[in-house]
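Residues per chain are reported as follows:
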Amino acid sequence: MGMSYRRYLSGARIYGCCKCKTHLATIHSMISRAFNGQHGRAYLFDGVVNVIEGEPNDRQMTTGNHTVRDIYCVKCGQTLGWKYDYAYEPTQKYKEGKYILERNLLVDVQ
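Quantities reported herein were computed from a predicted structural model and do not represent experimental measurements.

Once that is clear, we can look at the overall build of the chain. Of the regular secondary structure elements, the chain holds zero helices and 10 strands. Element order for the chain, N to C, with α for helix and β for strand: β-β-β-β-β-β-β-β-β-β. By the compact-globule yardstick of 13 Å for 110 residues, the chain fits well, its C-alpha radius of gyration being 14 Å. Taking the principal axes of the C-alpha coordinates as reference, the chain spans close to 35 × 35 × 20 Å. Counting every position in the chain, which comprises 110 residues, the buried fraction comes to 43%. Across the chain, the fraction of contacts at a sequence separation of at least 24, relative to all contacts at a separation of at least 6, is 46%. Summed over its atoms, the accessible surface of the chain is roughly 6200 Å², and 49% of this surface lies on carbon and sulfur atoms. Side chains of the chain carry 15 positive and 10 negative charges; the gap between the two charge centres is 9 Å.

Structure follows, in C-alpha cells:
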C-alpha cells in the first residue's frame, strides 16, 4: 500500500474530523441539515473527501430500510457517519450516493 494523500478544501466554511481536523466537506456541498445520526444532529452532503468507506450493510432507519456504508476519517480512523448506497423506499432514492456526517463528530476548520 502506497502513501495516501489528503485533499485540502478551500471556501467560506470547511467541516473537518473532530479528532484530527482533516478536511471532509464544504458548506457548498451540504444538501440538508434536517437529519439525525447516532450522536444527534447530522448533515446530508453531496460529496465528501478524505474518507474510507466500510462494507455495505442493510439498516432499518426512521425513513425505511437502506443499504449503507460507515465512513471513517482517512487519517485517524474516526467514524464520521455513513454513505447511502441504496434506498428501498421510492421516496428516499434521492439519498443514494450521498453522505451523512454527524455534527458532533465534526469541527469547523475554517
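For the rest of this paragraph, the subject is the layout of surface pockets. Approximately 190 Å³ is the volume found for the largest pocket. In this structure, the largest pocket is lined by Ala34, Phe35, Asn36, Gly37, Met61, Thr62, Thr63, Trp82, Tyr84, Gln92, Tyr94 and Lys95. Of all the secondary-structure elements, those providing two or more residues to the lining of the largest pocket are strand E3 (30-37) and strand E8 (79-87). Sort the elements by how many residues they give to the lining of the largest pocket and E3 lands first, with four residues.

So, about the pairing of strand E7 (residues 64-73). The element E7 is extensively covered by neighbouring structure, given that seven of its 10 residues are classed as buried. As paired strands, strand E5 (residues 51-53) and E7 are joined by three bridges and run antiparallel to one another. Residue pairing for E7: Val51 is matched across the bridge by Cys73. Where strand E6 (residues 57-61) lies against E7, five bridges are found, and the strand directions are antiparallel. Residue pairing in the sheet places Arg59 in a bridge with His66 of E7. What sits between the antiparallel neighbours E6 and E7 is a turn of two residues. Joining the antiparallel neighbours E7 and E8 is a turn of five residues, in which Gly77 adopts a positive phi near 85°.

Looking now at the environment of Cys20. Mapped onto the secondary structure, Cys20 falls in the loop between strand E1 (14-17) and strand E2 (23-26). Along the backbone, Cys20 and Gln78 are 58 residues apart, and their C-alpha atoms lie at a distance of 8.8 Å. Excluding residues that lie within four positions of it along the chain, Cys20 makes contacts with Cys73, Lys75 and Cys76.

The next thing to look at is the sheet that holds E1. A sheet is described by the order of its strands in space; here three strands give the open sequence E2-E1-E10, paired in antiparallel fashion. The sheet terminates laterally at E2 and strand E10 (106-108), the two strands that pair on one side only. When the angles between neighbouring strand axes are averaged without regard to direction, this sheet yields 35°. Relative to E2, E1 runs antiparallel, the two being bridged by three bridges. Within E2, the position partnered with Tyr15 by the bridge is Ala25.

Rules behind the numbers
Residues numbered from 1 in each chain as written. Predicted model: local features only at pLDDT ≥ 70, side-chain atom pairs only at ≥ 80, totals over all residues. Heavy atoms only, no water. Helix = DSSP H or I, 4+ residues; strand = E, 2+ residues; numbered from the N terminus. Rg over C-alpha atoms; globule rule 2.2 N^0.38 Å. Buried < 20%, exposed > 50% of the residue type's maximum accessible area, 1.4 Å probe, protein only. Contact = heavy atoms within 4.5 Å. Areas by Shrake-Rupley, 256 points an atom, 1.4 Å probe, with all protein chains shown as cover. Lys, Arg positive; Asp, Glu negative; His and termini not counted. Charge placed at Lys NZ, Arg CZ, Asp CG, Glu CD. 1 Å grid on protein atoms, 1.4 Å probe; cavity = no way out; pocket = protein on both sides within 12 Å on 5 of 7 lines; lining within 4 Å. Points joined across faces, edges and corners; volume = space filled by probe spheres on them. Pairing = 2+ DSSP bridges. Axes fitted to C-alpha atoms, helices over the stretch in contact; angles between N-to-C directions.

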